[in-house]
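The residues making up each chain are set out below.
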Protein chains: 2
Amino acid sequence: MKPQGVLLVLSGPSGAGKGTICHRLCEMRPEMAYSVSATTRAPRKGETDGVNYFFVSRQKFQEMITGNDLLEYAEIYGNCYGTPRSYVMDILNQGRDVVLEIDPQGALQVKKTFPDAVFVFIVPPSLDELSKRIYKRGTATEEVIKRRLSAATSELAYASKYDYIIVNDEVEKAANKVGNIIDAERNRAVRTFFIVDEICQNGICEER
Amino acid sequence: MKPQGVLLVLSGPSGAGKGTICHRLCEMRPEMAYSVSATTRAPRKGETDGVNYFFVSRQKFQEMITGNDLLEYAEIYGNCYGTPRSYVMDILNQGRDVVLEIDPQGALQVKKTFPDAVFVFIVPPSLDELSKRIYKRGTATEEVIKRRLSAATSELAYASKYDYIIVNDEVEKAANKVGNIIDAERNRAVRTFFIVDEICQNGICEER
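Basis of the calculations
Residues numbered from 1 in each chain as written. Chains lettered and ligands numbered in written order. Predicted model: local features only at pLDDT ≥ 70, side-chain atom pairs only at ≥ 80, totals over all residues. Heavy atoms only, no water. Buried < 20%, exposed > 50% of the residue type's maximum accessible area, 1.4 Å probe, protein only. Least-squares fit on C-alpha atoms with pLDDT ≥ 70 in both. Contact = heavy atoms within 4.5 Å. Salt bridge = Lys/Arg side-chain N within 4 Å of Asp/Glu carboxyl O. Helix = DSSP H or I, 4+ residues; strand = E, 2+ residues; numbered from the N terminus. Buried area = accessible area lost by both parts, 1.4 Å probe. Polar contact = N/O pair within 3.5 Å; in protein donor to acceptor, adjacent residues only side chain to side chain. Nonpolar A, V, L, I, M, F, W, Y, C, P; charged D, E, K, R; others polar. Core = buried A, V, L, I, M, F, W, Y, C linked by side-chain atoms within 4.5 Å. Pairing = 2+ DSSP bridges. Axes fitted to C-alpha atoms, helices over the stretch in contact; angles between N-to-C directions. Phe/Tyr/Trp six-rings, centres within 6.5 Å; stacked < 30°, edge-to-face > 60°. Parallel < 35°, antiparallel > 145°, perpendicular 65-115°, else oblique. Left-handed = near helix turned anticlockwise from the far one by under 90°.

Peer 1: Residue-level account of unusual backbone geometry, with values.
Peer 2: All names here are of chain A. In this model, N68 sits at a positive phi of 60°, which is unusual for a non-glycine residue. Under the relative-accessibility criterion, N68 is labelled partly exposed at 46%. For Y77, which is not glycine, the phi torsion reads 50° and is therefore positive. The class of Y77 is exposed, set by a relative accessible area of 82%.

Peer 1: Give a description of the relation of the copies chain A and chain B that names residues and reports values.
Peer 2: With an axial shift of 0.0 Å and an RMSD of 0.0 Å, the rotation relating chain A to chain B amounts to 180°. Within this description, the copies of the chain are treated as partners about a two-fold rotation axis. Comparing interface residues between copies, 100% of those in chain A also sit at the interface in chain B, which points to an isologous, same-surface contact.

Peer 1: Explain the pattern of salt bridges to me, using residue names and the numbers behind them.
Peer 2: Summed over the entire model, instances satisfying the criterion amount to 26 salt bridges over all chains. Here D97 of chain A ties to R186 of chain A by a salt bridge, and the two come within 3.2 Å at their closest N and O atoms. Of this pair, D97 of chain A sits in the loop between α3 (85-93) and β7 (98-101) while R186 of chain A sits in the loop between α7 (171-185) and α8 (189-201), and the two are 89 residues apart along the sequence. Put simply, E143 of chain B and R147 of chain B hold a salt bridge, and the shortest N to O gap is 3.2 Å. Taken as a pair, E143 of chain B and R147 of chain B lie in helix α6 (residues 142-155) at a separation of 4 residues, close to a single helical turn.

Peer 1: Explain the interface of chain A and chain B residue by residue, including any values.
Peer 2: The interface of chain A with chain B comprises 40 residues on the first partner and 40 residues on the second. Of the roughly 3,200 Å² buried between chain A and chain B on both sides combined, carbon and sulfur atoms contribute 62%. Scanning the region where chain A abuts chain B turns up 2 salt bridges. Between E185 of chain A and R188 of chain B there is a salt bridge whose closest N-O contact spans 3.2 Å. Where chain A meets chain B, there are 10 residue pairs in polar contact (both at pLDDT 80 or more). Listed by contribution, the elements that provide at least two residues to the side of chain A that touches chain B are α6 (142-155), β9 (164-167), α7 and α8 of chain A. Within the side of chain A that touches chain B, the residues separate by chemical class into 22 nonpolar, 10 polar and 8 charged.

Peer 1: Break down the nonpolar core for me, with residues and values.
Peer 2: Side chains of a nonpolar character, in soluble globular proteins, are inclined to be buried together. Membership of the largest hydrophobic core comes to 40 residues, with the highest contact counts inside it found for V120 of chain A together with V120 of chain B. Apart from residues no more than four positions distant in its own chain, V120 of chain B is found in contact with L8, V9, L10, S11, Y162, Y164, I166, V178 and I181 of chain B. Counting residues in hydrophobic clusters, the runner-up holds 33 residues, among them V9, A107, F114 and I165 of chain B.

Peer 1: Hey, could you go over the sheet that holds strand β8 (residues 118-123) of chain A for me, with residue numbers and the actual values?
Peer 2: Residue and element names in this part refer to chain A. The strand order β2-β7-β1-β8-β9 describes an open sheet built from 5 strands, whose pairing is parallel. With one partner strand each, in any of the chains shown, β2 (33-34) and β9 form the two edges of the open sheet. Inspection of the sheet shows β8 paired to β9 by 4 bridges, in the parallel sense. The partner of I122 across the bridge, within β9, is I166. Sitting on the sheet, α3 touches β1 (7-11), β2 and β7, and the angle it makes with β7 is about 145°.

Peer 1: Can you tell me about the packing of aromatic side chains, naming the residues and giving the values?
Peer 2: Using the criterion set out here, one finds 12 aromatic pairs over all chains in the structure. Ring geometry for F119 of chain A and Y162 of chain A: centres 6.4 Å apart, planes at 75°, overall edge-to-face. Taken together, the residues span a long stretch of sequence, with F119 of chain A in strand β8 and Y162 of chain A in the loop between α6 and β9 at a distance of 43 residues. A residue is classified by how much of its surface remains accessible, and Y162 of chain A, at 5% relative accessible area, is buried. Summarising the aromatic geometry, the rings of F54 of chain B and Y87 of chain B are spaced 5.1 Å apart at their centres and angled 70° between planes, so their arrangement reads as edge-to-face. Residue F54 of chain B is located in strand β4 (residues 53-55), and its partner Y87 of chain B is located in helix α3 (residues 85-93); the two are separated by 33 residues in the primary sequence. For F54 of chain B, a relative accessible area of 22% gives the class partly exposed.

Peer 1: So what about the packing of helix α5 (residues 127-136) of chain A against α6 of chain A? Which residues, and what values?
Peer 2: Pairs of packed helices are described in terms of their axes, by the angle between the two and the distance that separates them. Residue and element names in this part refer to chain A. Closest axis-to-axis distance for the α5/α6 pair is 10 Å, and the angle between their directions is 140°. Considering their axes alone, α5 and α6 lie oblique with respect to each other. By crossing handedness, the relation of α5 to α6 is classed as right-handed. The residues of α6 that touch α5, namely those facing L127, L130, S131, I134 and Y135, are E142, I145, R148, L149, A152 and T153. Per-class residue counts for the contact of α5 with α6 are 7 nonpolar, 2 polar and 2 charged.

Peer 1: Go over the environment of V51 of chain B, please, and point to the residues and values.
Peer 2: Relative to the helices and strands, V51 of chain B is located in the loop between β3 (37-39) and β4. Linking V51 of chain B and S37 of chain B, residues 14 residues apart in sequence, is a C-alpha distance of 9.1 Å.

Peer 1: Any chance you could break down the sheet that holds strand β3 (residues 37-39) of chain A for me, citing the residues and the numbers?
Peer 2: Residue and element names in this part refer to chain A. An order of β4-β3-β6-β5 is seen for the 4 strands of this open sheet, with the pairing classed as mixed. The open sheet is flanked by β4 (53-55) and β5 (70-76), the only strands paired with a single partner. Across the sheet, the axes of successive neighbouring strands diverge by a mean angle of 25°, strand direction being ignored. Note: β3 against β4, 3 bridges, orientation parallel. Each bridged residue has a counterpart across the sheet, and for A38 the counterpart in β4 is F54. Across the face of the sheet, α3 comes into contact with β4, β5 and β6 (79-84) while running at roughly 25° to β6.

Right, dumping it as structure tokens:
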């Protein structure tokens, strides 16, 4: 038997840099899969079904919800987005790791639907740095930016719900730490106990 | 503020090779401390107090028990052995990691007295290999060896109580995995949440 892969949920406040870390992590580990979301929105130019998104109808999306095939989902500006459980499970059962980059609200949903996932929270080195990063994105108005910053700041309070917290002071360093966490988690008893069973099945093992 | 070090409890059935892995780990990580036990037995030639053991009187040992200063203890052939909490805490509070190599019964005691420790269970690649290793030690009689093997085999059942399980097929590989676990565990939320507090204290952070 082969150990199941690790589902890594990478989250954090907007502006913490979880996207950049996730991108670097996938470069470092080409064997790792990036979770592809299902969405009801129309494909944009250059987007491929099953690569960027699984493009599905509202009815199909509703069936996925009722069929409990979504680890999390949300409606944003009238379009639905969600993470298909079956897609993630297929890859994990091949022994490959999957990374899911998602906002803290979505991560909390996954914690309920897939508690064995590994939850990593990315934080900025400081609030000043956080506001700099949010301003940088910024064609938005001062007021919108202020609202984003306040939202991002309050999202920091979600940190206590995570397994690991990583400060994103340097992308390379942070991505290495995340990779290191995946390697360690592969040895978690919940993923490796079957090995002890295999050892014992090949000989007399008492007190089973 | 500095993150506290990790207390790593390295355990497993006798013959699994936890001692060898612990030794290799300490070579790889000279900054890591090896937990020194307290004992009531007399020092042997060449043994130094505070290096090999803390040599204490029966009365002092009893005081350590009643003063809740032992993470675990046991009496073996009329001598008492135990792990002093204060010694371990001093090192952890300096931000240094501590490794404690101990049998499964002792590890279970530590799990009660120090639940934040990281529990790693070392298993042999097979029962054949386990019996080979136990035989190798062997000036003992066939019957004693059989008893040891049966005990070691039943100790495998403790695996389910641990955080991580590592197969000791190659010492170098296994020691690297343990080191990797220590690095990952340093980012555990329980050890790093104070960073989020520090970030928030340097700016407005809502929903605290």
